[in-house]
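Structural overview
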Amino acid sequence: KDDRSRFWAAYRRVAEEHDDEFLERYNSDMDIVLIFSGLFSAVSTTFIVAMESNLSPDPDDTTHALLTQLVQIGLGNFTAAGSTPAAPASTWSPSTANIRIQSIAYASLSMSLLAAFGAVLGKQW
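Residues numbered from 1 in each chain as written. Predicted model: local features only at pLDDT ≥ 70, side-chain atom pairs only at ≥ 80, totals over all residues. Heavy atoms only, no water.

**Brief notes about helix H2 (residues 59-74)**
Applicable threshold: Numbering of helices and strands runs from the N terminus, with a helix taken as a DSSP run of H or I at least four residues long and a strand as a DSSP run of E at least two residues long. A helix's residues, less one, multiplied by 1.5 Å, set its expected span.
Its 16 residues give H2 an end-to-end C-alpha distance of 22 Å, which sits within 8% of 22 Å, the value for a rise of 1.5 Å per residue. Directly beyond the C-terminal end of H2, a positive phi value near 85° is found at Gly76.

If you want it as structure tokens, here you go:
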């Protein structure tokens, strides 16, 4: 029995060393993933916010159309002003490229947040 107890004691010591190295290595790897995904999410969010204005009509166009109509009415040119208010925003739609770029940006942000969530779960486990 003495040989067996020495074997299991040595096995336990080697297994604990291996497990400690494994946990330390992957814990530091998850720290790196958290830092990278946090920075990537911040930069990605900044770009998404900057590109958000491309998905809605320019309010200056509406203001310009309405002011033009008021000037026409003020000059007495009722036929050029028209009987209905100008609404250039109703014909506006975002370009397909803008929609695709925004979709990719949102997808990359989602994947980055999913990676951070996975790293947090891994660290808590």
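Moving on from the model shown.
**Comments concerning the packing of helix H1 (residues 2-51) against helix H4 (residues 96-124)**
Note the cut-off: Between the N-to-C directions of two axes lies an angle of 0 to 180 degrees, each axis being a line fitted to C-alpha atoms and, for a helix, fitted only over the stretch in contact. The cut-offs work like this: below 35 degrees is roughly parallel, past 145 is roughly antiparallel, 65 to 115 is roughly perpendicular, and the gaps in between are oblique. Two helices that cross are described as forming a left-handed crossing if the nearer one is turned anticlockwise from the farther one by less than a right angle, and a right-handed crossing if clockwise. Polar here means any residue outside two lists: the nonpolar Ala, Val, Leu, Ile, Met, Phe, Trp, Tyr, Cys and Pro, and the charged Asp, Glu, Lys and Arg; Gly therefore counts as polar.
Orientation of H1 relative to H4, taken along the N-to-C sense of each, is 155°, at an axis distance of 8 Å. Classified by the angle their axes make, H1 and H4 are roughly antiparallel. Judged by the sense of rotation from one axis to the other, the crossing of H1 with H4 is left-handed. Split by residue class, the contact of H1 with H4 holds 15 nonpolar, nine polar and two charged.

**Re the side chain of Ser112**
Rule in force here: Within 3.5 Å is the distance limit for a polar contact, defined as a pair of N or O atoms, with the added protein rule that one can donate a hydrogen and the other accept it, and that residues adjacent in sequence qualify only through two side-chain atoms. Residues count as neighbours in contact if any of their non-hydrogen atoms are within 4.5 Å of one another.
By the secondary structure assignment, Ser112 is in helix H4. For Ser112, the side chain forms a polar contact with the main-chain oxygen of Ser37, separated by 3.0 Å. A polar atom in the side chain of Ser112 sits 2.7 Å from the side chain of Ser41. Non-local contacts of Ser112, meaning those with residues more than four positions away in its chain, are made with Ser37, Phe40 and Ser41.

**Considerations on the packing of aromatic side chains**
Selection rule: Aromatic rings from Phe, Tyr and Trp, with only the six-membered ring used for Trp, were paired whenever their centres fell within 6.5 Å, and each pair was classed as stacked if the ring planes differed by under 30 degrees, edge-to-face if by over 60, and tilted otherwise.
Taken as a whole, this structure holds five aromatic pairs when the rule is applied. Considering the side-chain rings of Phe7 and Trp8, the 5.0 Å spacing of their centres and the 70° angle between planes classify their relative orientation as edge-to-face. Centre to centre, the rings of Trp8 and Tyr11 are 5.5 Å apart; their planes meet at 85°, and the pair counts as edge-to-face. Of this pair, Trp8 and Tyr11 both sit in helix H1, three residues apart, roughly one helical turn.

**Some words on the pattern of salt bridges**
Basically, it comes down to this: Any carboxyl oxygen of Asp or Glu that lies within 4 Å of a side-chain nitrogen of Lys or Arg is treated as forming a salt bridge with it. Throughout this description, buried means an accessible area under 20% of the type-specific maximum (1.4 Å probe, protein chains only), exposed means over 50%, and partly exposed covers the range between.
All chains considered together, the criterion is met by two salt bridges. Residues Arg12 and Glu16 are paired through a salt bridge, measuring 3.2 Å at the closest nitrogen-oxygen approach. Here Arg12 pairs with Glu16, and both are found in helix H1, just four residues apart, close to one helical turn. Its relative accessible area of 57% is what places Arg12 among the exposed residues.

Interpretation note: all reported values are geometric properties and have no functional meaning in isolation.
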